Every structure is written in C-alpha cells, then in structure tokens.
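Each chain, letter by letter, is given below.
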Amino acid sequence: MLTFAKLGLASAVARPQNYSWQTTIEYARRAKFRQIQLFLNPLQLTDQSLALLQKSAAEFTLHLHLPTDFPQNDLPTFLNTFGQSLEREVYLIQHQPYRENVLQLSLNSDKIRIGIENDFPKQTPPEFLALILRLQNEDERVLPVLDIPRFFHQAAASQTFEQTARQVGQLIFRLLAMERPFIIHALDHPAGKTTRQHWQPLLQGDLPWRLLIKMFIKRPELLKCLMFEYENWNMVKQSIGNLLRENFLKPIGPALR
C-alpha cells in the first residue's frame, strides 16, 4: 500500500481562491497531508511570501512550481535567501520547455532539488525519458516530474490511447528498474476527454492508474510524491476515498470531510 506521506496537495485545489497558498495549507493541515505544491507567482517574491515559505518548508515537504516566465534577476536572490533556512529537501518544479531557465540558476543550497515536468506536444513517454537521462548525465539530482494526464492530452493524433497507456507503463518500469526516483502529477479523465469539465476523481476515469499504482507499491522509496492537481477539494477527497476502498492506500484515521 501507499502511505499517506506519499500524497501531495497542489495549490490548484485553491483555484476558486486564486490559488491561495494559505487556503492550500489549511486544506493540507485539515487532511493531514505531508506534502504540498505551491505555485510561485513572480508577484510573490516578497518578504511576506518568503516567511510563509520558510514556515511551510518546516511543516511540509514543499514543492515550489515556477511560472514559465519569471524575473531572472530577482528569483535567484529570493531562492538563495530561502535556501539558507532549509533543513530538508524542497523540490523546484519547472515545465520542460523552460528547463534551461531553472537549470542555469546558481543556487547555494543543496536542499533545493530541481524537477523537470513533461510538457511538449506530440512527445512520447520514451522521448521524455531520453531527455531526463541526458539531463541526469549532467546533474544526477534532476528529478523527472511525470504529469500522467498530459502524456495523453499532448499525444500525437496518430497515437492511440492504448499505445500511450502502454508507453507510460514502460516509462515507469524503466525508472524503477534504473532506481531513478520520480514525482507523479495526478488526476483522471475518460479516454479522449481531457478538458477540465471531464476531469474525474482518481480511479474513476480511464487512465491506467491501477496498473501504475501497483508498480509504485513495489518500490515506494522511488516515488517521491503522488501530487493531486485537482482544482477543487471534492475531487481530492473522492480520489483519496477511491484509493482507500481499493486498498491502494493505508488508512490514517477518520474519513475526510
């Protein structure tokens, strides 16, 4: 079984509150999440935001998701000030097309670990793995961040749903075989219906989550986080309930409200 410590809550859950960090943290505390992902808006490079991040990093395993366009001069200073206070690892996530921006940052803390998230139209899972392996040859600490639904959303028109599902499974298998840790970004939807209005709680759609979770369970130390990226709390709550009902998740207490 997965343990609750492997689950994460992204600030997408607070979309109705403009992705509020505080709302995300309140949800996470209430549900006893151990990991959270906060989107770092360029307007949030302030002393007040820094103080909240420092407090959050002491309470949770923190994932900071960078915007695609951020101030090149201000961000390194902000992150280096933040890094000086860290006692445990923080993940700094950037989408694939903007990887050079984050990989070239001069960070003074070995507690900040960079993750690169798949995001390239018509790219197959094997092609993303090849990119990650090249990056890891230069810096072995770079983590693959696998947005599973995006592999399906961005698949070439000639690629069938079944082909993509098989390739995603093979990608996870190879990472496990090579003992390479990874982060998973998660939501579910029916085959061929990827837009927001079709999103479903985990295990209620057609994405191959049951197969993938069975693979994660075999080497749980390599799964750094299963991060829920739903945009409302009910979807998160139902996803956790589904994982519990199918015995993929170890219970920790009363049902979520």
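**Student:** What should I look at first to understand the pairing of strand β7 (residues 182–186) in this one?
**Tutor:** The two faces of the sheet receive side chains in turn, since in a regular strand these alternate between them. Within β7, five of the five residues are buried, which leaves the element mostly enclosed by the surrounding structure. Neither face of β7 is open: one carries F182, I184 and A186, the other I183 and H185, and all of them are buried. Relative to strand β8 (residues 223–228), β7 runs parallel, the two being bridged by five bridges. Bridging from a neighbouring strand, I184 pairs with L226 of β8. The handedness of the β7 to β8 crossover, carried by helix α8 (residues 209–218), is right-handed.

**Student:** Mind showing me how you'd approach the side chain of Q37 here?
**Tutor:** By secondary structure assignment, the location of Q37 is in strand β2 (residues 35–39). Among the polar contacts made by the side chain of Q37, one reaches the side chain of E229 at a distance of 3.0 Å. Aside from chain neighbours lying at most four places away, what touches Q37 is L9, A10, S11, H63, H65, I93, H185, M227 and E229.

**Student:** When you look at helix α3 (residues 74–83) in this model, what are you seeing that I'm missing?
**Tutor:** Taking burial as the measure, the ten residues of α3 include seven buried ones, the bulk of the element. Among all positions in α3, only L75, P76, F78, L79, N80, F82 and G83 are buried. Looking at the buried positions of α3, the neighbouring elements they touch are α2 (47–59), β3 (61–65), β4 (90–95) and β5 (112–117).

The rules behind each value
Residues numbered from 1 in each chain as written. Predicted model: local features only at pLDDT ≥ 70, side-chain atom pairs only at ≥ 80, totals over all residues. Heavy atoms only, no water. Buried < 20%, exposed > 50% of the residue type's maximum accessible area, 1.4 Å probe, protein only. Helix = DSSP H or I, 4+ residues; strand = E, 2+ residues; numbered from the N terminus. Pairing = 2+ DSSP bridges. Right-handed = clockwise from strand over helix to strand, strands pointing away. Polar contact = N/O pair within 3.5 Å; in protein donor to acceptor, adjacent residues only side chain to side chain. Contact = heavy atoms within 4.5 Å.

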